Amino acid sequence: MKLFKSRKTYYLYNPNTLNYERVYPSTKDRFFIVLRHLSIGIAIGVGIFFIMVYAVESPRESLMQKENKLLQTQYEVLSLRLNEALSVLNDIQLRDENLYRAIFQTESIPESVRKAGFGGTNRYEHLLTLSNPDLVVSTTQKMDMLSKQLYIQSNSLDELIHLGKNQEERLKCIPAIQPISNKDLRQTASGYGMRIDPIYRTPRFHSGMDFSAKKGTDVYATGNGVVTFASWKQGYGNCLVIKHGFGYETLYGHLDKFKARVGQKVTRGEVIGTVGNTGKSTGPHLHYEVMVRGKYDNPSKYYFMDLTPEEYDRMIQIAENHGQVMD
């Protein structure tokens, strides 16, 4: 017997009748035929699905990739602009420290404050899950740094503006003349720095400047201010201190007599006492100190209203050549 198939219809040859007779498949055969077709269809469908997912980009995915590339480019441009802004800000900070603050003789802002970082090690942890996290974190750090440094610099400029508005009063208060009449500079005895102690004959730091003069010679306030001390002080004898404001103080030691009292306002050039030989002293002279924000400073830097450049140079030479102090 021979089986003949025609368009999914099955015929079987019957040698007895010499004819092809139609064969009807059983339910089991039909089930397996349907199952075979379904399996082939599912396999083809799964294959097409994976091809579409991994090999062919959807319009939405293509648009998202373009947007991601654009965002990355924008981040890179933003990062470069932040670098330029930080560079400009750094130039302003250098001018602030080396020019503006030098002019007003005010304290500089420590580098540790200007360049201080941000607390917390996990500050940018939430950005690490983004695509290209290194670029995003770097750009965000620069933005935070720029924001903080701009805030500090803004406060610094506000401070300088305030100092500028009070510059006239400040100039009146700065100790800017010699404390005794010393036009010929012959009364300059010893300068600021390491000197030989007149009593112990050993090197020591001399925190002020000595002016030799006759007992009773007038001593002048070197700037406007208020007398905060006028009494005996160990080592200095009769000592007078003036607080000038703006961080300046001056001290006048070994006085014979006081001509100003505590709490009295004095002006530059006003007589506040007379030269004496009190305290730890080897002869009549005035010991004069300048303190800026609580630290000793070289008094010779503050005679710009009293001396010409030539006289100033000569005074420095005289002070340097006197290696021994008088107190």
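Computed from a predicted structure; not experimentally measured.

Once that is clear, we can look at the overall build of the protein. From N to C terminus, the protein includes six helices and 15 strands. Residues counted as buried form 34% of the 327 residues belonging to the protein. In the protein, of all internal contacts separated by at least 6 residues, the share reaching a separation of at least 24 is 64%. Accessible surface, the protein as shown: approximately 20500 Å² in total, 58% of it carbon and sulfur.

A word on the side chain of Gln-264. Summarising the element assignment, Gln-264 is placed in the loop between strand 11 (248–258) and strand 12 (265–266). When its relative accessible area of 17% is taken as the criterion, Gln-264 is described as buried. Residues in contact with Gln-264, not counting those within four places in the same chain, are Gly-225, Val-226, Val-227, Lys-259 and Glu-270.

Its location among the elements puts Lys-295 in strand 15 (residues 295–297). Classification of Lys-295 by relative accessible area gives exposed; the value is 61%.

What follows concerns the pairing of strand 10 (residues 237–245). The side chains of a regular strand alternate, residue by residue, between the two faces of the sheet. Counting buried residues in strand 10 gives seven out of nine residues, a clear majority hidden from the surface. Where strand 9 (residues 225–233) meets strand 10, seven bridges bridge the pair, whose relative direction is antiparallel. Bridge pairing in strand 10 links Lys-233 to Gly-237. The antiparallel hairpin formed by strand 9 and strand 10 contains three residues in its connecting segment, where Gly-235 sits at a positive phi of about 90 degrees. Both strand 10 and strand 11 contribute to a ladder of six bridges, which runs antiparallel. The residue bridging Asn-238 from the neighbouring strand is Leu-255, located in strand 11.

Attention shifts here to the packing of aromatic side chains. In the structure shown here, the tally under the stated rule is three aromatic pairs. On the basis of an interplanar angle of 80 degrees and a centroid distance of 6.0 Å, the ring pair of Tyr-248 and Tyr-302 is categorised as edge-to-face. Taken together, the residues span a long stretch of sequence, with Tyr-248 in strand 11 and Tyr-302 in the loop between strand 15 and helix 6 (309–321) at a distance of 54 residues. Using a relative accessible area of 1% as the deciding quantity, one classes Tyr-248 as buried. Assessed through its relative accessible area of 3%, Tyr-302 is described here as buried.

What follows is about the pairing of strand 9. Strand direction decides the pairing type here: strand 9 and strand 12, joined by two bridges, are antiparallel. Looking at strand 12, one finds that Gly-225 is bridged to Val-266.

Further remarks concern the nonpolar core. Grouped together as the largest cluster of nonpolar side chains are 25 residues, with contacts concentrated most on Val-219, Leu-240, Ile-242, Tyr-252, Ile-272 and Leu-286. Put simply, the parts of the chain that give this core at least two residues each are strand 7 (209–212), strand 10, strand 11, strand 13 (271–275) and strand 14 (285–292). With four residues, strand 14 is the largest single contributor of residues to this core. Apart from residues lying up to four places away in sequence, Leu-286 is in contact with Pro-179, Ile-180, Met-209, Asp-210, Phe-211, Val-219, Tyr-252, Gly-253, Leu-255 and Val-275.

Moving on, we get to unusual backbone geometry. A positive phi angle, near 65 degrees, is found at His-254, a position not held by glycine. Position of His-254 among the secondary structure elements: in strand 11. We classify His-254 as buried; its relative accessible area is 0%. Unusually for a residue other than glycine, Arg-293 sits at a positive phi of about 50 degrees. Residue position: Arg-293 is located in the loop between strand 14 and strand 15.

Taken together, Val-34, Leu-38, Ile-42, Val-46, Phe-49 and Phe-50 make up a surface patch of nonpolar side chains, about 590 Å² in accessible area. Along the chain, Phe-50 falls in helix 1 (residues 27–54).

This paragraph deals with the environment of Met-145. As for its position among the elements, Met-145 is in helix 4 (residues 133–165). Residue Met-145 is classed as partly exposed on the basis of its relative accessible area of 38%. Taking C-alpha positions, Met-145 is 8.5 Å from Ala-116, a pair spaced 29 residues apart along the chain.

Applying the stated rule across the entire model yields three salt bridges. Between Asp-256 and Lys-215 there is a salt bridge, and its shortest N-O distance comes to 3.9 Å. Within this pair, whereas Asp-256 is found in strand 11, its partner Lys-215 is found in the loop between strand 7 and strand 8 (218–220), the two being separated by 41 residues in sequence. Asp-256 sits in the partly exposed class, given a relative accessible area of 25%.

Calculation rules
- Residues numbered from 1 in each chain as written.
- Predicted model: local features only at pLDDT ≥ 70, side-chain atom pairs only at ≥ 80, totals over all residues.
- Heavy atoms only, no water.
- Helix = DSSP H or I, 4+ residues; strand = E, 2+ residues; numbered from the N terminus.
- Buried < 20%, exposed > 50% of the residue type's maximum accessible area, 1.4 Å probe, protein only.
- Contact = heavy atoms within 4.5 Å.
- Areas by Shrake-Rupley, 256 points an atom, 1.4 Å probe, with all protein chains shown as cover.
- Pairing = 2+ DSSP bridges.
- Phe/Tyr/Trp six-rings, centres within 6.5 Å; stacked < 30°, edge-to-face > 60°.
- Core = buried A, V, L, I, M, F, W, Y, C linked by side-chain atoms within 4.5 Å.
- Patch = residues over 30% accessible without salt bridge, like charges linked within 9 Å, V, L, I, M, F, W, Y side chains within 5 Å.
- Salt bridge = Lys/Arg side-chain N within 4 Å of Asp/Glu carboxyl O.

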